[in-house]
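The lines below spell out each chain.
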Amino acid sequence: HRSMVDSPAFLPEETIRLVSAARAIDGQGRPALRAETWGLALQSTKGQLGALRTLHRLGVLFGWQPEVETTLWSIARAHPNQTWSHQALFDLYHAQRNTANMRDVMNTLRQADPSVARYQHDWAVLALLLDPSATWNAPKRTLEELHQADPCLLYTSPSPRDYCAH
């Protein structure tokens, strides 16, 4: 594990120190402090994709699921074209049956590229599952607009996997 963390080609020096500190904290059984230190490591990358990808791999290697999730969100928000991060988050939340977080992933995708009808559709359907009120709201307006634009539009897959490579 050390050679990957210590390599300056992968991570800035400050990030290496913070990851090392998080590892030391992990041995003390203090998950909140570990998560806070990991958050500082994420910030220290200044959004650089290579460093964020390396932190993601390290989080997976260390078995730190909360930090992996936080890192995936950092990648998804800072680099919306890295749709693998959205897919990983969606798959995680689908396995957890966490509809609210699945909706949030789709919302991030639809905001990043509003021209993709599938993102709009899936966000609206997930939002309606969470709030099935009779009130005319943004998800219902979105579905109406999509239907008016293409009445034959029908999606059946619960995953963005089909269109992440668009």
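Below or above, wherever it landed, is the structure these notes cover. Computed from a predicted structure; not experimentally measured. (Residues numbered from 1 in each chain as written. Predicted model: local features only at pLDDT ≥ 70, side-chain atom pairs only at ≥ 80, totals over all residues. Heavy atoms only, no water.)

### Side note on the environment of Ser44
By the element assignment, Ser44 lies in helix 3 (residues 31-44). Taking C-alpha positions, Ser44 is 9.2 Å from Glu13, a pair spaced 31 residues apart along the chain. Setting aside its immediate chain neighbours within four residues, Ser44 contacts Pro12, Glu14, Thr15 and Leu18. At a separation of 2.4 Å, a polar atom in the side chain of Ser44 contacts the side chain of Thr15. (Helix = DSSP H or I, 4+ residues; strand = E, 2+ residues; numbered from the N terminus. Contact = heavy atoms within 4.5 Å. Polar contact = N/O pair within 3.5 Å; in protein donor to acceptor, adjacent residues only side chain to side chain.)

### Re the packing of aromatic side chains
Overall, the coordinates contain 2 aromatic pairs when judged by the stated rule. With a centroid separation of 5.5 Å and an interplanar angle of 80°, the aromatic rings of Trp38 and Trp64 are classed as edge-to-face. Taken together, the positions of Trp38 in helix 3 and Trp64 in the loop between helix 4 (49-62) and helix 5 (65-78) put the pair 26 residues apart, joining distant regions of the chain. In terms of burial, Trp38 and Trp64 fall into one category: buried. Summarising the aromatic geometry, the rings of Phe62 and Trp64 are spaced 4.8 Å apart at their centres and angled 55° between planes, so their arrangement reads as tilted. The same class applies to Phe62 and to Trp64, which are both buried. These aromatic residues form a ring-pair network of at least three members: Trp38, Phe62 and Trp64. Here Arg23 stacks its cationic end above the ring of Phe62, 4.0 Å away from the centre of that ring. One Lys or Arg, Arg110, reaches over the ring of Trp123 and ends 3.5 Å from the middle of that ring. (Phe/Tyr/Trp six-rings, centres within 6.5 Å; stacked < 30°, edge-to-face > 60°. Buried < 20%, exposed > 50% of the residue type's maximum accessible area, 1.4 Å probe, protein only. Lys NZ or Arg CZ within 6 Å of the ring centre and 35° of its normal.)

### A few points about the packing of helix 2 (residues 13-26) against helix 3
Contact geometry of helix 2 with helix 3 gives a least axis separation of 9 Å together with a crossing angle of 170°. On the basis of their axis angle, the class for helix 2 and helix 3 is roughly antiparallel. Seen from helix 2, the contacting residues are Glu14, Thr15, Leu18, Val19, Ala21, Ala22, Ile25 and Asp26; seen from helix 3, they are Leu33, Arg34, Thr37, Trp38, Leu40, Ala41 and Ser44. Across the contact of helix 2 with helix 3, the residue classes tally to 9 nonpolar, 3 polar and 3 charged. (Axes fitted to C-alpha atoms, helices over the stretch in contact; angles between N-to-C directions. Parallel < 35°, antiparallel > 145°, perpendicular 65-115°, else oblique. Nonpolar A, V, L, I, M, F, W, Y, C, P; charged D, E, K, R; others polar.)

### Description of unusual backbone geometry
Not every positive phi belongs to a glycine, and Lys46 is a case in point at roughly 55°. Within the secondary structure, Lys46 is located in the loop between helix 3 and helix 4. Classification of Lys46 by relative accessible area gives exposed; the value is 71%. Phi is positive for Arg97, close to 60°, though the residue is something other than glycine. Summarising the element assignment, Arg97 is placed in the loop between helix 6 (83-96) and helix 7 (99-112). The class of Arg97 is exposed, set by a relative accessible area of 74%.

### So, helix 2
Along an α-helix, residues three or four apart share an orientation, since each turn contains 3.6 residues. The end-to-end C-alpha distance of helix 2, which contains 14 residues, comes to 20 Å, matching closely the 20 Å that a straight helix rising 1.5 Å per residue would cover. For helix 2, every residue scored as buried is listed here: Thr15, Ile16, Leu18, Val19, Ala22 and Ile25. (Expected span 1.5 Å × (residues − 1).)

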